[in-house]
Amino acid sequence: PQDRQLTSRLYGGDVRTRIRQELVLGVGGVKALRALGITPGVYHLNEGHSAFGPLEVIRERMHDDGMTFDDALRDVAQHTVFTTHTPVPAGHDRFDPVLVEEHLGPLRDQLGISYEQLLGLGRVEPQNGAETFCMTVLGLKLSRRANAVSQLHGIVSRRMWAHLWPWRVEEEIPIGHITNGVHVPSWLADQMRHLYDRYFPKDWANRIGEPEAWQSVFRIDPGELWETHNALKTLLLGFVRRRLSRQCRRRGESEESVERARSLLDPGILTIGFGRRFATYKRAHLLFEDLDRVAAMLNHPERPMQVIFAGKAHPKDEPGKELIRQIANLRLDPRFASRVAFVEDYEINVCRHLIQGVDVWLNNPRRPLEASGTSGQKAVLNGGLNCSVLDGWWSEAYDGTNGFAIGKGTQHVSDEITDARDGESLYRVLEEEVIPTYYRRDIDGLPRDWIRMMMHSISGLAWRFSSDRMVMDYTRSC
């Protein structure tokens with residue numbers, strides 16, 4: 001019965017559950033492919049969670065072809081690619097040697113290697129008995145190619161894992177980068193897709209990864225693009241109101257509170273969205289470091305704004321859960337009650353509504369801890385503009401015409417100073433760039449400069465940060 005629960009929840013278990021999940025994913029994954037009659041030309045290890053997989057492939061080569069362990073390892077590594085996803089140390093699973101032997105012992109016996117040899121595969125220093133077994137190290141040692149998930153993350157990863165190749169200078173560490181992208185059909189709103197169908201080449205949906213296919217966005221009538229965006233925004237606000245009213249009812253609040261939730265938010269107001277894991281380095285609280293200043297922006301008599309938050313914290317991340325409590329409870333402050341909403345139970349459907357309907361997608365991680373980030377890429381497809389720290393994908397995407405940048409792409413050695421600087425930059429960008437541009441209208445009531453930025457964003461970023469382009473990069477590079 002306990003084994004049947006291993007795949008029921010991704011997070012929340014102890015370290016013993018974690019290593020068993022990764023045994024199921026890696027070794028079980030290879031066995032599942034065999035049961036399906038699939039023999040891959042390349043095994044792609046997406047983060048260290050699946051890094052036990054090549055050990056099972058090595059076992060197969062030894063059993064089927066009579067190879068030695070060393071020869072099989074070299075051969076399997078030539079057909080294995082590893083992608084590392086995070087510069088945050090806690091994101092790289094590490095296990096105690098006793099736990100590794102308990103779960104990998106039978107496989108180790110079949111590989112014909114010693115306890116020390118197995119542990120050495122997961123250590124930077126193979127003979128260091130004090131070093132734990134790291135799944136990322138295992139993945140890097142069992143693959144011929146390795147990559148990070150954005151240009152900046154590649155730089156960070158080479159620095160982070162340089163000690164695996166002490167004889168090389170940092171620039172020659174064999175970890176490249178392929179920037180993440182998103183699956184366009186999954187995240188593009190139907191209304192926006194119909195608009196593209198009318199103005200784009202007939203075969204554009206089969207050329208998503210080609211820049212030329214997206215240049216037709218400039219042929220769309222600005223008023224029609226703005227109208228389509230506002231229709232999606234109205235749908236988003238209706239969705240959020242329904243969720244908020246249900247949340248009030250679930251908490252046992254008064255009917256008056258339930259009814260008030262059904263009328264919150266205004267489709268005519270600049271709407272900012274923030275939806276992701278509430279890990280502390282993502283700094284969900286940055287907007288509220290100066291409550292008086294942000295309250296003045298939210299409640300400006302002529303140019304107000306509203307913010308919709310959604311997300312979850314890891315079950316064991318108490319600081320992250322505290323951030324959620326703080327933001328969710330802003331509804332109890334009259335200054336924020338009608339301008340800040342927190343949508344509970346974040347999942348794909350909530351994300352889809354948010355990225356399809358917001359005017360601005362906010363992302364303010366502590367640089368350089370955002371490996372890539374993809375939520376902002378999803379917003380691009382639907383005309384949302386990004387306002388982000390120059391980290392992850394936005395570091396290579398921002399060009400001054402396609403969104404807004406927080407900070408100058410640098411960070412102080414002190415996190416406290418970095419946070420203070422970025423907080424001030426966020427406020428200034430909102431006050432001096434985002435809000436004025438959004439509310440600056442022509443005689444027809446259209447924010448022409450804003451719409452122009454939407455078009456630049458779609459034309460230059462939608463193809464570049466699509467999964468079509470990403471897969472083409474993997475095919476060419478790996």
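Residues numbered from 1 in each chain as written. Predicted model: local features only at pLDDT ≥ 70, side-chain atom pairs only at ≥ 80, totals over all residues. Heavy atoms only, no water.

A. Region of interest: the pattern of salt bridges. This model, assessed by the stated rule, comprises 45 salt bridges. When the shortest N-O distance is used, the salt bridge between lysine 31 and glutamate 56 registers 3.4 Å. Residue lysine 31 is found in helix α1 (residues 15–35), and its partner glutamate 56 is found in helix α2 (residues 53–65); the two are separated by 25 residues along the sequence. Among the residues examined, lysine 31 registers a relative accessible area of 45% and is labelled partly exposed. The class of glutamate 56 is buried, set by a relative accessible area of 2%. Put simply, arginine 335 and aspartate 333 hold a salt bridge, and the shortest N to O gap is 3.0 Å. Arginine 335 sits in the partly exposed class, given a relative accessible area of 31%. (Salt bridge = Lys/Arg side-chain N within 4 Å of Asp/Glu carboxyl O. Helix = DSSP H or I, 4+ residues; strand = E, 2+ residues; numbered from the N terminus. Buried < 20%, exposed > 50% of the residue type's maximum accessible area, 1.4 Å probe, protein only.)

B. Just the environment of glutamate 322, in detail. In this structure, glutamate 322 sits in helix α13 (residues 318–328). A distance of 3.0 Å separates a polar atom in the side chain of glutamate 322 from a polar atom in the side chain of arginine 325. (Polar contact = N/O pair within 3.5 Å; in protein donor to acceptor, adjacent residues only side chain to side chain.)

C. Local environment of the sheet that holds strand β9 (residues 340–343). Ordered by their spatial adjacency, 6 strands build an open sheet running β9-β8-β7-β10-β11-β12, and the pairing between neighbours is parallel. The outermost strands of the open sheet, each flanked by one partner alone, are β9 and β12 (403–406). Put simply, the sheet's adjacent strands are angled 20° from each other on average, direction ignored. Both strand β7 (residues 270–275) and strand β8 (residues 305–310) contribute to a ladder of 6 bridges, which runs parallel. Across the sheet, residue phenylalanine 274 finds its bridge partner in β8, namely phenylalanine 309. (Pairing = 2+ DSSP bridges. Axes fitted to C-alpha atoms, helices over the stretch in contact; angles between N-to-C directions.)

D. Local environment of the pairing of β8. With 6 of 6 residues buried, β8 lies mostly within the body of the structure. The parallel pair β7 and β8, bridged by helix α12 (residues 291–298), forms a crossover whose chirality is right-handed. As paired elements, β8 and β9 share 4 bridges and run parallel to each other. Considered in β9, the bridge of alanine 310 is made with valine 343. Read as a crossover between parallel neighbours, the route from β8 over α13 to β9 is right-handed. (Right-handed = clockwise from strand over helix to strand, strands pointing away.)

E. Quick peek at the nonpolar core. Among the nonpolar cores identified, the biggest contains 97 residues, and Trp214, Phe278, Leu287, Met305, Phe309 and Trp450 are the most heavily contacted of them. Of all the elements, helix α10 (residues 222–250) adds the most residues to this core, at 9 residues. Setting aside chain neighbours within four positions, we find phenylalanine 278 in contact with Ala284, Phe309, Ala310, Gly311, Lys312, Ala313, Asp317, Gly320, Leu323, Ile324, Ile327 and Phe342. Within the second largest apolar cluster, 28 residues are counted, among which are Ile58, Met62, Ile113 and Leu142. (Core = buried A, V, L, I, M, F, W, Y, C linked by side-chain atoms within 4.5 Å. Contact = heavy atoms within 4.5 Å.)

F. Local environment of the sheet that holds strand β2 (residues 80–83). The parallel open sheet is built from 4 strands, whose spatial order is β1-β2-β5-β6. The open sheet terminates on both sides in strands that have one partner only, identified here as β1 (43–46) and β6 (176–177). Across 2 bridges, the pairing between strand β5 (residues 145–148) and β6 is parallel. Residue alanine 148 lies in a different strand from β6, and its bridge partner there is histidine 177.

G. Looking closely at the packing of α12 against helix α17 (residues 415–439). At their nearest, the axes of α12 and α17 sit 11 Å apart, and the two run at 15° to each other. With respect to their mutual orientation, α12 and α17 come out roughly parallel. You can see that α12 and α17 cross each other, and the crossing is left-handed. Taken together, the residues of α17 that come into contact with α12 (itself represented by Arg293, Val294 and Met297) are Glu424, Tyr427, Arg428, Leu430, Glu431 and Ile435. Of the residues assigned to the contact of α12 with α17, the class counts are 5 nonpolar, no polar and 4 charged. (Parallel < 35°, antiparallel > 145°, perpendicular 65-115°, else oblique. Left-handed = near helix turned anticlockwise from the far one by under 90°. Nonpolar A, V, L, I, M, F, W, Y, C, P; charged D, E, K, R; others polar.)

H. Quick look at the layout of surface pockets. Of the volumes computed, that of the second largest pocket is approximately 380 Å³. Lining of the second largest pocket is provided by 21 residues; of these, Cys248, Arg251, Glu253, Ala328 and Arg331 occupy positions nearest its centre. Elements with a minimum of two residues in the lining of the second largest pocket: α10, α11 (255–261), α13 and β9. Looking at the lining of the second largest pocket residue by residue, the classes come out as 12 nonpolar, 3 polar and 6 charged. (1 Å grid on protein atoms, 1.4 Å probe; cavity = no way out; pocket = protein on both sides within 12 Å on 5 of 7 lines; lining within 4 Å. Points joined across faces, edges and corners; volume = space filled by probe spheres on them.)

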